[in-house]
Amino acid sequence: MKRSDLANSVAERIIGEGLPLLFVFLWWLTARSLPSFILPGPIETGATLLQLFIDPAFVGDTLISLARVVASVILAVILGGALAALARYVPSTAYAVQRRVLPVLNSFPSVGWAILATFWFRPDSGSVIFVETLILIPFCAIALMQGIADMDRELLEMGASFSRSGIKIAWKIALPMLLPYVMSSVRIAYGVGWKIALVSELFGVDHGLGYLMLRAEVIGNTAMVFASCFAIVIIFVAGEKLIIDPLARRFAVH
Amino acid sequence: MIRDDLERRRRRTANIFTLAMLAVWFVVGWIEPPYLLPGPGNVAERLWGFVIDPHMWVHAGASLLHVIAAVAGSIVIGGALALLAYYLPVFRLAVHGRLSPFLNSFSGTGWVLLAVLWFGLGGFTVVFSLAMVLIPFAIINVRQGLESIDPELIEMGRSFGRSGFKRFRLIILPALTPFLFSTVRICFGVSWKALLTAELFGGDKGFGRLFNLARQDYDTPLVVTVIVIIVAAVYASDRYLFEPAQARLSAHYEAL
């Protein structure tokens, strides 16, 4: 490596790592002259954030939001996969799925589902999962449609010439080819799921990070609003690094 | 021949599906009270009421303005950040490795609630929270565009003695145009989805404000009417405005 390249690389690292530190410093400096309900300092926010993960009064809300997101992602992958398979294997339904169901689901405002769910169901985890699943379905269906379209037809034909069992062909040949796309749809759905988790927990339910955040906003507990947002960033990154990345590597095409 | 037949069957099935869904909606709307699910007739009536009421156009106009301002703001800020990382590579890690992932994983609802606490209710709160959601999309897209520019083209510009600004205007900006357009398209679609939440909690005008009033009064027909307007607007603008425009743009750039 040339000397100038090394210097640039070191400078890039210093600026990259320094930016978050500078941000925290400026935050601390600004928060000192402002009341806590406008801008709580990083220490107060950090303490509240810690509460969300260790205080029994709050940890339940964090876990329930996580459970709702995970359940919605699983349901969305199953239902999105079913839609993608329907469009592929019953060709006459392709436009009904691609030009009717998906565009409508895709452009349907998430808060619209959340409000309709409060009219239709008793507000609980079921209604939250209903809202999150409906929002995630189009993302999963689009990724899995691509996966089904990209499957190697010759490999499937070869499988069919060795076995007549459709289940065996699906399990041993089609599924391994589809798994990278399943993982990509899980990744997308998990990311979007956390973004819309708060929206679906804002109306009616009495547990979850969204509920905590709205209650905090109403009573002016800005530290809790910040902490809920940071908790989501942390859980999102942890889930992606600790679960999704290893699974994606495990199921990657070699 | 077989292909035409399949195409016809696909169209027919899609139309039958639409009619079947409308029929199901009609039947359920007829059985259930309007506050649970208003039927298509009820919604069509409210839609007409919406069209002829000038007060509603004020809300529609406010929402459109919020979207346009947020999309424009996010493209300017996101584009500037991506260009900063491009021209000064020492900022690459800071922009693409720190700022963009942070903004991308920060909850949009969080921005809305924070903006309400900081700025109160109003148009600025809505535009700010929408822009914070859209900025990472703009950074990622503009970065993609900058990375796809042929370095030899830049080198050629340099060897012909073009100044930095001229190179930007004559080489980089035209090469970025398709990416900027797709950024506008993506941001426009995403912003309509995030708009209602932003206006519901932080706005004093717009569809989200209407949504809030309708929610408090259990006015489900108005909720469904606003949803229908948004779904139709997003679908129609993408299908009949952005898609053909992008196709023309792509054809123009392929011809060059």
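Residue indices begin from 1 for each chain and proceed along its sequence in written order. The order in which chains are written sets their letters, starting at A; the order in which ligands are written sets their numbers, starting at 1. Per-residue local features of the predicted model are confined to residues with pLDDT of at least 70, and side-chain atom pairs are confined, for both listing and counting, to 80 or more; whole-chain, interface and lining totals are unaffected and use all residues.

Draft legend 1. Expanded view of the interface of chain B and chain A. Counting residues at the interface gives 44 residues for chain B and 44 residues for chain A. Going through the elements one at a time, helix H1 (2-31), helix H4 (92-105), helix H5 (108-119), helix H8 (164-202), helix H9 (207-216) and helix H10 (220-255) of chain B are the ones with two or more residues in the side of chain B that touches chain A. Three residue categories are used. Nonpolar comprises Ala, Val, Leu, Ile, Met, Phe, Trp, Tyr, Cys and Pro, charged comprises Asp, Glu, Lys and Arg, and polar comprises the others, including Gly. Partitioned by chemical class, the residues of the side of chain B that touches chain A number 27 nonpolar, 10 polar and seven charged. Note on contacts: residues are paired as contacts if their backbone-placed C-beta atoms lie within 7 Å. For helices the rule is a DSSP run of H or I covering at least 4 residues; for strands it is a run of E covering at least 2, with both sets numbered from the N terminus onward.

Draft legend 2. Spotlight on the packing of helix H6 (residues 123-147) of chain B against H8(B). Residue and element names in this part refer to chain B. Axis lines are fitted through C-alpha atoms, for helices just across the contact stretch, and the angle between N-to-C directions can take any value from 0 to 180 degrees. Relative to each other, H6 and H8 sit at 160°, their axes nearing to 8 Å. What the angle tells us is that H6 and H8 run roughly antiparallel. Pair H6 / H8 crosses with right-handed handedness. Its residues placed into classes, the contact of H6 with H8 shows 16 nonpolar, nine polar and one charged. Angles are sorted into four bins: roughly parallel if under 35 degrees, roughly antiparallel if over 145, roughly perpendicular if 65 to 115, and oblique for all others. Crossings are sorted by hand: turned counterclockwise from the far helix by less than a right angle, the near helix makes the crossing left-handed, and turned clockwise it makes it right-handed.

Draft legend 3. Representation of the domain arrangement of chain A within the structure. Where a domain begins and ends is set by an automatic assignment or by a domain database. The assigned domain composition of chain A is domain 1 (1-33) and domain 2 (41-250). Computed over C-alpha atoms only, the centres of domain 1 of chain A and domain 2 of chain A are separated by 34 Å.

Draft legend 4. Representation of unusual backbone geometry. Residues and elements named next belong to chain B. Here the phi dihedral of Tyr218 falls at roughly 55°; this positive angle occurs in a residue that is not glycine. Mapping Tyr218 onto the fold places it in the loop between H9 and H10. Classification of Tyr218 as partly exposed rests on a count of 14 C-beta atoms within 10 Å. Residue burial here comes from a neighbour count, namely the number of other C-beta atoms, placed from the backbone, that lie within 10 Å of the residue's own C-beta, with 20 or more meaning buried, 12 or fewer meaning exposed, and in between meaning partly exposed.

Draft legend 5. Examining the packing of helix H5 (residues 110-120) of chain A against helix H6 (residues 125-150) of chain A more closely. All names here are of chain A. Relative to each other, H5 and H6 sit at 150°, their axes nearing to 9 Å. When the interaxial angle is binned, H5 and H6 end up roughly antiparallel. Of the two possible hands of crossing, H5 and H6 adopt the one that is right-handed. Together, Ser110, Trp113, Ala114 and Ala117 of H5 and Ser127, Phe130, Val131, Leu134 and Ile135 of H6 make up the contact between the two elements.

Draft legend 6. Up close: the nonpolar core. Judged by nonpolar contacts, the single largest core of 126 residues is most densely connected at A:Cys140, A:Ala189, B:Leu130 and B:Leu134. Those residues within four positions of B:Leu130 in sequence are excluded, and the remaining contacts are B:His66, B:Ala70, B:Ser191, B:Ala194, B:Leu195 and B:Ala198. In this usage, the nonpolar core is the set of buried Ala, Val, Leu, Ile, Met, Phe, Trp, Tyr and Cys residues whose C-beta atoms join them within 7 Å.

Draft legend 7. Quick peek at helix H8 (residues 166-200) of chain A. Helix span, expected: 1.5 Å multiplied by one less than the number of residues in the helix. Between its terminal C-alpha atoms H8(A) stretches only 39 Å, short of the 51 Å expected from 35 residues at 1.5 Å a residue. Largest kink in H8(A): about 50°, centred on A:Leu175, with the proline A:Pro176 one to four residues after it. To get the bend at a given residue, fit one axis to the seven residues ending there, fit another to the seven starting there, and take the angle between those axes.

Draft legend 8. Summary view of helix H9 (residues 209-218) of chain A. Burial runs high along H9(A): eight of the 10 residues are buried. Along H9(A), the residues that are buried comprise A:Leu209, A:Gly210, A:Tyr211, A:Leu212, A:Met213, A:Leu214, A:Ala216 and A:Glu217. Tucked inside the fold, the buried residues of H9(A) contact helix H3 (56-89), H8 and helix H10 (222-250) of chain A together with H5 of chain B.

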